[in-house]
Amino acid sequence: MTSPRIVVFGATGFTGGLIVDALLAIGVRPLLAGRDRARLDALAASLPAEVPTAVADARRPESVRRIVGPGDVLVSSVGPFVRMGDAAVTAVTEAGATYLDTCGEPMFIKRVFQRYGPAAATRGAALLTAFGYDYVPGNLAASLALRKAGGEAVRVDVGYFLSGNIARRASAGTRASVLGVALDPMYGFREGRIVREQGRTRVFHTGGRRRHGVSVGASEHFTLPPAHRALREVNVYLGWFGGLTRAAGLLARAAPVIAALPGAKRATDTMAARVLRSADRTRPAGRPLTSQVVAEAYDARGRLLASAELDGGDPYDFTGRVVAWAAATALAGGVRGKGALGPVDAFGLDLLAQGCAEAGFAARETG
């Protein structure tokens, strides 16, 4: 028998490397897992502390099952998750362990909540998907706004905004994921249920600026309504495109038509795979990004009741640190509940706010 441990699956990738560094910084020595023995050995040799390694490949599910046991915390940064994420979730579920991932892909997030969540609850496993910049800050900001708004809130809108050149800063894994989901159907939460939705846009007024966003499927659609029973509508917007947001919305609305063209989806998957093969631990070029996440709660008449904002730095750095914090907290028995969980479900609002602040996202309630 071995003591429970943290396993970083995909440790040799860029985001995996950030998570490993963040864990070592707080005194945790994880098991490094990946499919390439040579790269694992090179990574382990470069670190300031001795860490164990194990070979595991998402394309060989049995190899992933071998690296996770009861009580373990498995962190996965192996994407695109829609194609490569199932092995880790299944292994954790079977072991009755805890799962964290850095996924931002809407269809995989939906899969975790709708397909894997019930089985995980039965087996005593906890699944925390989208536990990074996508989509922990929005869950926190929305929960802060809804707590202040009280029982009258029936709608919450969340906006994610970046300052800086995201095109230059995006890692190979991020670019591969974006390509992989470009033609996938999106969703929202309306009239108390998940519905298919593409290309909705809106303008936020925050920090003295007009910030444009385009709707995206996210974890907030699944995590917020069960905790706030009066909610009838949840919207999540990405504001990464600046003046091109309207064009991004039009492209999103056209995605189902484009996806129906012969070979279209295969072409984007091929491009995503090609980009993924270039992935490494090198920090992307360009100036660091800064981040802001906004949440606004409304009543049934459309009246703004409360809002909350989180200000942070580079989303990649935040992801590495918040995942490390969550994994260490989970290993110490700090996760509340089983099945597919949201960040607030798993840790509680106040503890999550503390963890996010330590990871670089400070919250401030604004009204």
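Residues numbered from 1 in each chain as written. Predicted model: local features only at pLDDT ≥ 70, side-chain atom pairs only at ≥ 80, totals over all residues. Heavy atoms only, no water.

A. Here's a closer look at helix H10 (residues 220-227). Among the 8 residues of H10, 6 are classified as buried, and the element is accordingly described as predominantly covered. Within H10, burial applies to Glu220, His221, Phe222, Thr223, Leu224 and Pro225. (Buried < 20%, exposed > 50% of the residue type's maximum accessible area, 1.4 Å probe, protein only. Helix = DSSP H or I, 4+ residues; strand = E, 2+ residues; numbered from the N terminus.)

B. Fine view of the environment of Glu358. Along the chain, Glu358 falls in helix H15 (residues 349-359). Sequence separation between Glu358 and Arg321 is 37 residues; the distance between their C-alpha atoms is 8.1 Å.

C. Spatial organisation of helix H6 (residues 106-123). Between its terminal C-alpha atoms H6 stretches 25 Å, which fits the 26 Å expected from 18 residues at 1.5 Å a residue. Most pronounced at Tyr116, the bend in H6 amounts to some 55°, and the proline Pro118 follows within four residues. Gly124 sits one or two positions beyond H6 and adopts a positive phi of about 80°. (Expected span 1.5 Å × (residues − 1). Bend = angle between axes of the 7 residues up to and from the residue.)

D. Seen up close, the sheet that holds strand E1 (residues 6-9). Taken together, 7 strands build an open sheet; the order of strands is E3-E2-E1-E4-E5-E6-E15 and the sheet is parallel. Looking at which strands have only one partner, the edges of the open sheet turn out to be strand E3 (53-55) and strand E15 (339-340). Sheet topology note: the E1/strand E2 (residues 31-34) ladder contains 3 bridges and is parallel. Opposite Val8, over in E2, you have Leu32 as the bridge partner. Most of the contacts of helix H13 (residues 315-331) go to strand E4 (residues 73-76), to which it runs at about 165°, and overall it touches E1, E4 and strand E5 (98-101). (Pairing = 2+ DSSP bridges. Contact = heavy atoms within 4.5 Å. Axes fitted to C-alpha atoms, helices over the stretch in contact; angles between N-to-C directions.)

E. Structural view of the side chain of Arg211. On the secondary structure map, Arg211 appears in strand E11 (residues 209-215). Buried and unpaired, Arg211 has no salt bridge, with Asp311 as the nearest side chain of opposite charge at 7.9 Å. In contact with Arg211, other than residues within four places in its own chain, are Phe161, Leu162, Ser163, Arg202, Val203, Phe204, Thr206 and Gln292. (Lys, Arg positive; Asp, Glu negative; His and termini not counted. Salt bridge = Lys/Arg side-chain N within 4 Å of Asp/Glu carboxyl O.)

F. The pairing of E4, seen in detail. Because side chains alternate across E4, one face comprises the buried residues Val73 and Val75, and the other comprises Leu74 and Ser76, equally buried. Sheet analysis places E1 next to E4, joined by 4 bridges and oriented parallel. Within the sheet, the bridge partner assigned to Phe9 lies in E4 and is Ser76. Taken together, the 4 bridges between E4 and E5 define a ladder with parallel strand orientation. When the sheet's bridge partners are listed, Val75 is paired in E5 with Leu100.

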